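# Residue-level structure breakdown
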Amino acid sequence: MIKSLKIRIAITAVVCLAALYFLLPTLIPQLPTPWNEYFPKDKIHLGLDLQGGMHLLMEIDTDKALESMMERTSNDLKESLMESKVRFRNVEKAKGATISLELTDAAGKTTLENILRDKYPDLEIVSTNPRDSGQLVTLGINNKRAADLKKLTVEHSLETIRNRVDQFGIAEPEIIPEGENRILIQLPGIKDPERAKNLIGKTALLEFKIVDDENSLEEALRGNIPQDDIIAYGLRADRSTGEKGSAPYLLKNKSLLTGASLETATVQISNRFGEPTVSLKFNSQGATDFDRITGENVRKRLAIVLDGVVHSAPVIQERISGGQAQITGTFTMDEARDLAIILRAGALPAPVNILEERTVGPSLGSDSIRQGIMATLIGSLLVILFMILYYRLSGTIADLALIINIVLVLGILAAFKATLTLPGIAGLLLTVGMAVDANVLIFERIREELRTGKTIRLSLDTGYKKAFITIIDTHVTGIVSAIFLIIFGTGPIKGFAVTLIIGLLASLFTAVFVTRVIFDYFTGTFNIKKLSI
Amino acid sequence: MELIKPGIHLDFVGKMKYAIIFSVILTTISVASVIIHGGLNLGIDFAGGSIIQVKFQKSMTADKIRGALKSTRLENSIIQQFGPNEFLIRTAESFHDQKLFEENVNKPLTAAFNKDYEIRRVEVVGSKVGMDFQRKAIFAVILSWLAMLIYIAWRFEFRYGLGGIIALIHDVIIIIGTISILNMEFTISILAAVFFIIGYSINDTIVVLDRIRENVKLNPRQKLAETINMSINQTLSRTILTSFTVFLTVIALYLFGGPVLHDLSFSLLVGVVFGTYSSVFISCPIVLLFENLQLSKMKRKK
C-alpha cells in the first residue's frame, strides 16, 4: 500500500473524475458547443435487449460456394479440353467439390496436366482410375486453395452484407465475423426487421443491361415507360464538387449477362494515366456472350447494375472478344477496390442460413431499462441502509465507496465501449452486494481486534491486512467463474459476465483502497477516541 | 448493532449429521425430479425453437390465444403468462422465414384480436446451435468446478479443496432440482446464475477455511473438530452478513427486476441461500471426514 495519504487521495480523485469524464455524455445528453469538444461523444453502449433491435447469426455455406465454383469450372474445362483436342467423355461435377472426367486417350493426360497448370492452377488431380476405355480422372481443389477460397467467400459475404446494411441507415450496425464461416449482425433500433432479414439473406445480383437511348428518359420518368424497359438509378459523382447524387437511367429490362458469368474482378492501374480501373474477367461462356453482345450493340451504353443500382454505363466502343472488360471512371483506389470486391462478391455467392435470430421491440427495451434501474436503486438503497444501521459511521464510509463503485463501473463501460445489457444491470446490482461484503469482512475483523483492546490505528491495520487475503480470494473466484461465462455466453449474458468482472475489479479498488484512504484521513486529521463501527 | 454476539458458541459440528442427512434428501429429490421429468425442460437456447413475446391491450387468457392460433403451426405451442396481459408463445420450430412468421403468427393474431397486440420480442434459435450449446454448457460447468477445486487446493490443502467443490456440486444440483420441481424452463439466464453461484458460494467456504487454517496454526494440539467448530462460530457473523447483503440485492432484483430477469433472479435467490448453508454444513464435514480417515489410517498403521 502506498504510504503517502496525499498521493492516495489524489489517486482516488483522479479515478473518480476519469469515470465521470467518460460518463458525461450519458448523464448530460446535449453539451453546449465549446464544451463538447473536450468530452467523449458516446453514451454508454446499450445492448439490444435495452434499446431494441435485431441480432442475427448467419452461417455461410462455404461448401456450396466451392461446389458452385466447380460447376462453373467444369463448363470452362470442357471448352479448354476441346480446344486442346483432348479426347474425353463426361466432364461433370461430382460429389463434394470435384470434377470427374473420362480420358479416352492416354496421351490426353499430359495435355490435361498442362492445361491445369496453365489455366486452372487451383485444381489438382485427386485420383486416376483406369477404366476399360481409358482413365477416370477426378479433379479437386487443392486444400490450401480451398481454405483460401472459403475465407475469401466469407470475406466477400461480409462485404456484401455490410453494403446492404448501409441501405437501412441504422446508426451503429455491427457486422462481425465469428468462427470460420459465421457472421454476427446486430442492428440496433431497427424499425423493419423483416425487410432487413430478407435483404441480408438474399445473394447479390449483378446484371448487365443495355441503356435505352432511343426512347425518352424524361417521358419514362413521367410514367410512360416503354415496354421491356425499366428505370434504374445510379450513383454519380460530380467531378467538380465530388458530391454524390443519384441519376436515373432508362434501361432495357433484359439482363444480357449476370454476375454468374464473371470469373473474377480485380483492380488494375491503367497504364496511361495511372488511374485505378476495375478489370472484369468473364468465364468462357460469359466471354462468348460478351463478345456477341458488344458486337451487336456498338455505340450503345452498357449499364452495369448491381442490386438494382446502376454502377456505371460506359459506351461500347467496339466488339470485345477477350472476355475481359474494364470499368473506368473517376475511381479513387478505394472505390475501385470496393467495386472489385462487390463484383467478386457477385461472382461467388454462397447461400447463407440464419442460425439464430433475436429481435427486441423498443417498448420492451425501455420497460427493461426502467425495471432494471428500479431494481438497482432499491437494492442499493437496502444495502446502504443496512450498512449504516449495522456499522454506523464506518458503514457510511463503505456506502460512499459503494456509490463510487457504481460510478466507476458505468464509467469503465462507457470508456471501453462495452455493452450494458439487462442481465448486466443485474450483474451491477450483484456487485453492489458483493462490494460491501469486502467491507463487512474488514469491519468484522476490525471489531474483533478492537475487542481484544488494540488501538484504533492497529485495529485498522490488522483488520485490513487480515481481511485482504480473503477478499482477494473471493474476488478471484468470482472473476474466474465470470470468465467462463464470457467464453461461451451470448449477448445479454455476456454483458452480465463483463459487468460482473468490471464490478469485482472496481470494488477491489473502492472497498479496500478508497475506504482506507477515508479512514486514514479521519484518524490522521482528527483525534478519534472511539471508532464508530 | 450486532446480530451475532461475539462469544457465541453453537455446536455446529455436532449437528453436522443432521445437515448431511438433510442435504442428501434434498439432492436425491432434485436428481429424482430431473429423472422423473425425463430431463430438463430446456429453453430454446439449448433445444432450439422459437419464443414470441406478445403483449395485449385488453385482458387476455392463454386459452383465447390458443384458440386464435388453431390450425397454424403454433397450435401445439406452449403459451405461458409472462406479465400483466403479456404472454410467451414457445414452440420447438424455428421460424426463420419471414413469410412463415407472417402466416403463423401475425395473420391469425390480427384476425382474432385486430391490432390490439404488440410483438415485444422474438427469439429463434436453430436446433443445431442449440445442441452445440448444450455440450458447451455442460463442459463449462464441469471445467469451472475443476477450476475452483484447483484454486482452493492450491491456496489451502487438497482436502479443503474437495470440501469446497462438493459443496459447490451440491448447490448446483439443488438449483437445477428446484427448477425441475417447479417445472420451470432451464434457460441461459439460469445457467448464468449457476456460474455466478459457483463463483460466489465458494466465498463463504473460503472465509471459514481461512479461519480454520489460522486457528490450526494457533492451536495445533486442538482436535480438528474443536477447531472447526470454533472457526465456524468466529466467522458466523461474517458468513451470515455477507450472504445477507447479496440476498438483499437479489431480493430487489426478484421483486422489481421485471419478468425478463425472473429466471435469473429466482435461481440466484435459491443459490445464495443454499450456498451459505452448504459452506458451513457441507464443506466442513468433508474436511472432518478426511481428517478422520487419515487418523484411522494412521491408527491402523500403528
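Anything mentioned here points back to the structure above.
Overview of the structure. (Residues numbered from 1 in each chain as written. Chains lettered and ligands numbered in written order. Predicted model: local features only at pLDDT ≥ 70, side-chain atom pairs only at ≥ 80, totals over all residues.)

### Digging into the overall build of chain B
- Secondary structure summary: chain B contains 9 helices and 4 strands in total.
- For chain B, the succession of helices and strands along the chain, N to C, is α-α-β-α-β-β-α-β-α-α-α-α-α.
- A compact globule built from 302 residues would reach a C-alpha radius of gyration of about 19 Å, whereas chain B, at 24 Å, exceeds it by more than 25%.
- Along the longest, intermediate and shortest principal axes, the C-alpha atoms of chain B span 85 × 45 × 30 Å.
- Every one of the 302 residues in chain B was classed for burial, and the buried ones make up 46%.
- A separation threshold of at least 6 residues defines the contact pool for chain B, and within that pool the share at least 24 residues apart is 79%. (Helix = DSSP H or I, 4+ residues; strand = E, 2+ residues; numbered from the N terminus. Rg over C-alpha atoms; globule rule 2.2 N^0.38 Å. Buried ≥ 20, exposed ≤ 12 C-beta atoms within 10 Å, placed from the backbone. Contact = placed C-beta atoms within 7 Å.)

### Examining the interface of chain A and chain B
- In this complex, chain A contributes 57 residues to the contact, which on the side of chain B involves 51 residues.
- Mapped onto the side of chain A that touches chain B, the elements with two or more residues apiece are helix 7 (193-201), strand 18 (352-360), helix 11 (362-415), helix 12 (422-451), helix 13 (456-488) and helix 14 (491-525) of chain A.
- Along the lines of polarity and charge, the residues of the side of chain A that touches chain B split into 31 nonpolar, 16 polar and 10 charged.
- Pairing geometry for strand 18 of chain A and strand 4 (residues 117-125) of chain B, over 5 bridges, is antiparallel. Across the sheet, residue Glu 356 of chain A finds its bridge partner in strand 4 of chain B, namely Val 125 of chain B. (Nonpolar A, V, L, I, M, F, W, Y, C, P; charged D, E, K, R; others polar. Pairing = 2+ DSSP bridges.)

### A closer look at the sheet that holds strand 3 (residues 88-94) of chain A
All names here are of chain A.
- In spatial order, the strands read 3-4-6-5; together these 4 strands make up an open sheet with antiparallel pairing. Both outer strands of the open sheet, strand 3 and strand 5 (123-131), are each paired with one neighbouring strand and no more. The average angle at which neighbouring strand axes cross in this sheet is 20°, direction not considered.
- When strand 3 meets strand 4 (residues 98-103), the two strands line up antiparallel, connected through 5 bridges. Bridging across to strand 4, Glu 92 finds its partner in Ser 100.
- Sitting on the sheet, helix 5 (residues 108-119) touches strand 3, strand 4, strand 5 and strand 6 (134-141), and the angle it makes with strand 4 is about 150°. (Axes fitted to C-alpha atoms, helices over the stretch in contact; angles between N-to-C directions.)

### Some remarks on the nonpolar core
- Core analysis: the largest hydrophobic core is formed by 118 residues, its most contacted members being Val 409, Ala 426 and Leu 429 of chain A together with Ala 192 and Val 194 of chain B.
- With 18 residues, the single largest contributor to this core is helix 11 of chain A.
- In contact with Leu 429 of chain A, not counting residues within four places along its chain, are Ala 375, Thr 376 and Gly 379 of chain A together with Thr 249, Ala 252 and Leu 253 of chain B.
- Residues Met 58, Ala 65, Val 352 and Leu 355 of chain A belong to the second largest nonpolar core, which totals 32 residues. (Core = buried A, V, L, I, M, F, W, Y, C linked by C-beta atoms within 7 Å.)

### Quick notes on the packing of helix 13 of chain A against helix 5 (residues 127-155) of chain B
- Interhelical geometry of helix 13 of chain A versus helix 5 of chain B gives an angle of 160° and a closest axis separation of 10 Å. Judged by the angle between their axes, helix 13 of chain A and helix 5 of chain B are roughly antiparallel. Of the two elements, helix 13 of chain A crosses helix 5 of chain B, and the hand of that crossing is right-handed. From helix 13 of chain A, Asp 473, Val 476, Thr 477, Val 480, Ser 481, Phe 484, Ile 487 and Phe 488 of chain A reach across to helix 5 of chain B, where they touch Lys 136, Ala 140, Leu 143, Ser 144, Ala 147, Met 148, Tyr 151 and Arg 155 of chain B.
- Looking at side-chain class alone, the contact of helix 13 of chain A with helix 5 of chain B contains 10 nonpolar, 3 polar and 3 charged residues. (Parallel < 35°, antiparallel > 145°, perpendicular 65-115°, else oblique. Left-handed = near helix turned anticlockwise from the far one by under 90°.)

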